[in-house]
Amino acid sequence: MKADLHCHSNVSDGLLPPAEVAHRAADRGVELWSLTDHDEVAGLAEARAVAEARGVRFLDGAEISISWREDASFHVVGLGIAPGHPALVAGLRAIRDGRDDRARRIGAELEKVGIHGAYAGAARYAEKSSLISRAHFARFLVEKKISTDVKSVFDHYLAKGKPGYVPHEWAALEDALRWISDAGGLAVLAHPLRYRVGRDALRVFLGEFKDRGGQGIEVACGAHTPEEVHECARLARHFGLKASVASDFHGPGESYADLGMTPPLPDDLAPVWHDLI
Ligand code: AMP
Ligand code: MN
Ligand code: MN
Ligand code: MN
């Protein structure tokens, strides 16, 4: 089964509309697919319609932004959720609502280092989206030739400790896990080795995640090196979590991995979709 259970459309910070992401997944041989826009479910109906017309099995998904302890943040993917579940819909709306104020503050911080008009510029990139993300700022800074690519914008301007970074309060872990389980889905920790926390803190987080009902962890990640995939597999075994497969595709030329371009899952791990299809 060729699965890809994490990617984005222009409903959040991807480049392509949901239908185009669905066609691309089908064209690239994905057999089990989920669209997991940040903090939003608005693209799922369109994605499902095209996926099913193309014979691709589809799981409704979303990638939820979490704040944890003093200043850490994590992303939890809900898979197999009922997109209209009231608590989920209200919770995601609350997260999205905080984003515009944060974006204005990011724009103000960038003004201080001489980058003008970044809020308006990012908002233009987010015109078709339900929310504004740092990825939209990154595209504007690349357009202005302030950095050569999206990754280096993060390294120099948008990551924690950099001039345009603004701390933000996302959802609490227990709330996000409750929305996902109330909506009938499974919670999966996204890209485990892409957080700015040490390995000890990651393990403490994973212990809490598992205790509070988290069920899966991304192991075969497009953004991970082969050694990192092995490390995620060890975390899956240690914490008794099911394994997921994730390109985290955002758009042609912008992401580490295209749809379906993921490393193989180690044979001994239970795939997260066994309970979902
Ligand atoms: P936000 O949800 O607004 O904090 O933005 C996070 C998004 O920015 C992620 O979902 C990625 O799309 C993008 N992003 C974060 N870090 C990086 C990075 N180092 N390189 C490229 N894109 C990144
Ligand atoms: Mn993103
Ligand atoms: Mn993420
Ligand atoms: Mn993602």
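Heads up: the structure comes first, above all this text.
Residues numbered from 1 in each chain as written. Chains lettered and ligands numbered in written order. Predicted model: local features only at pLDDT ≥ 70, side-chain atom pairs only at ≥ 80, totals over all residues. Heavy atoms only, no water.

Would you explain the overall build of the protein in this entry?
What the protein contains, in helices and strands, is nine helices and eight strands. Taking 2.2 N^0.38 as the reference for a compact globule, 277 residues should give roughly 19 Å; the C-alpha atoms of the protein span a radius of gyration of 18 Å, in line with that estimate. The C-alpha extent of the protein, read off along each of the three principal axes, is 50 × 45 × 40 Å. Burial analysis of the protein (277 residues in total) assigns 55% to the buried set. For the protein, long-range pairs separated by at least 24 residues make up 72% of all intrachain contacts whose partners lie at least 6 apart in sequence. Approximately 11800 Å² of the protein is accessible, and the part contributed by carbon and sulfur atoms is 50%. Separation of charge centres in the protein, based on 33 positive and 40 negative side chains, amounts to 3 Å. (Helix = DSSP H or I, 4+ residues; strand = E, 2+ residues; numbered from the N terminus. Rg over C-alpha atoms; globule rule 2.2 N^0.38 Å. Buried < 20%, exposed > 50% of the residue type's maximum accessible area, 1.4 Å probe, protein only. Contact = heavy atoms within 4.5 Å. Areas by Shrake-Rupley, 256 points an atom, 1.4 Å probe, with all protein chains shown as cover. Lys, Arg positive; Asp, Glu negative; His and termini not counted. Charge placed at Lys NZ, Arg CZ, Asp CG, Glu CD.)

Help me understand the site of ligand 1 in this model?
Neighbouring residues of ligand 1: Asp-13, His-38, Arg-99, Arg-102, Ser-133, Arg-134, Ala-135, Val-150, Lys-151, Phe-154 and His-250. Contact distances for ligand 1 include 2.8 Å between an oxygen atom and a side-chain N or O atom of His-38. Every element with two or more residues in the shell around ligand 1 is listed here: α3 (86-112), α5 (134-143) and α6 (150-158). The element that contributes the greatest number of residues to the shell around ligand 1 is α6, accounting for three residues. Residues that form the shell around ligand 1 fall into these classes: three nonpolar, three polar and five charged. When residues of the shell around ligand 1 are assigned to domains, at least three fall in each of domain 1 (3-92 + 172-275) and domain 2 (102-158). (Near = heavy atom within 4 Å. Polar contact = N/O pair within 3.5 Å; in protein donor to acceptor, adjacent residues only side chain to side chain. Nonpolar A, V, L, I, M, F, W, Y, C, P; charged D, E, K, R; others polar. Domains from an automatic or database assignment.)

In this structure, what is going on with the coordination of the manganese ion (ligand 4)? I would like to understand it.
Coordination angles at a metal have ideal targets, namely 109.5 degrees for four tetrahedral donors and 90 or 180 degrees for six octahedral donors. Looking at the metal site, the manganese ion (ligand 4) is ligated by His-6 (NE2), His-8 (NE2), Glu-63 (OE) and Asp-248 (OD), spaced 2.1 to 2.2 Å from it. Sequence spacing of the donors to the manganese ion (ligand 4): H-x1-H-x54-E-x184-D. A gap of 4.7 Å separates the manganese ion (ligand 4) and the manganese ion (ligand 2). The exposure class of His-6 is buried, given its relative accessible area of 0%. The exposure class assigned to His-8 is buried, which follows from its relative accessible area of 0%. (Donors = N, O, S within 2.8 Å, 3.2 Å for Na, K, Ca; no water.)

Just checking my understanding: could you explain the coordination of the manganese ion (ligand 2) for this structure?
Every protein donor of the manganese ion (ligand 2) is listed here as Asp-13 (OD), Asp-13 (OD), His-38 (NE2) and His-250 (NE2), and their distances to the metal cover 2.1 to 2.7 Å. Around the manganese ion (ligand 2) sit six donor atoms; with metal-centred angles ranging over 52 to 156 degrees, the donor geometry is irregular. Mapped onto the sequence, the donors of the manganese ion (ligand 2) take the spacing D-x24-H-x211-H. In this structure, the manganese ion (ligand 2) is positioned 5.7 Å from the manganese ion (ligand 3). (Tetrahedral: all angles 85-135°; square planar, octahedral: opposite > 155°, others 65-115°.)

How should the packing of aromatic side chains be read in this particular structure?
Two aromatic rings are characterised by how far apart their centres lie and by the angle between their planes. Counted according to the given criterion, the structure contains six aromatic pairs. The interplanar angle of 90 degrees and the centroid separation of 5.3 Å between the aromatic rings of Trp-68 and Phe-205 together place this pair among those described as edge-to-face. Residue Trp-68 is found in strand β3 (residues 57-68), and its partner Phe-205 is found in helix α8 (residues 199-211); the two are separated by 137 residues along the sequence. Of the residues examined, Trp-68 reaches a relative accessible area of 7% and is grouped as buried. Centre to centre, the rings of Phe-74 and Tyr-195 are 4.7 Å apart; their planes meet at 55 degrees, and the pair counts as tilted. Here Phe-74, found in strand β4 (residues 72-79), pairs with Tyr-195, found in the loop between β6 (186-189) and α8; they are 121 residues apart in sequence, far enough to count as distant. Overall, Tyr-195 belongs to the buried group, its relative accessible area being 11%. (Phe/Tyr/Trp six-rings, centres within 6.5 Å; stacked < 30°, edge-to-face > 60°.)

Just checking my understanding: could you explain the pattern of salt bridges for this structure?
Pairing of side chains with opposite charge becomes possible as their charged atoms draw close. Using the criterion set out here, one finds 23 salt bridges in the structure. In this structure, the salt-bridge partner of Asp-100 is Arg-104, at a minimum N-O distance of 3.0 Å. Within this pair, Asp-100 and its partner Arg-104 are both found in helix α3, separated by four residues, close to a single helical turn. Linked by salt bridges that have partners in common, Arg-24, Arg-28 and Asp-258 make up one network. (Salt bridge = Lys/Arg side-chain N within 4 Å of Asp/Glu carboxyl O.)

Can you help me understand the environment of Pro-167 in this one?
Mapped onto the elements, Pro-167 comes out in the loop between α6 and β5 (171-172). When the C-alpha atoms of Pro-167 and Ser-73 are compared, they prove to be 9.8 Å apart, with 94 residues separating the residues in sequence.

Any chance you could explain the nonpolar core here in plain terms?
Ranked by internal contacts, the top residues of the largest apolar core, which has 72 residues, are Trp-33, Ile-64, Phe-74, Leu-189, Leu-206, Phe-209 and Val-219. The contact partners of Val-219, leaving out residues within four places of it in the chain, are Val-229, Cys-232, Ala-233, Ala-236, Ala-243, Ser-244, Leu-265, Pro-266 and Leu-269. Among the nonpolar cores identified, the runner-up in size contains 18 residues, and Ala-122, Ala-126, Ile-132 and Leu-158 belong to it. (Core = buried A, V, L, I, M, F, W, Y, C linked by side-chain atoms within 4.5 Å.)

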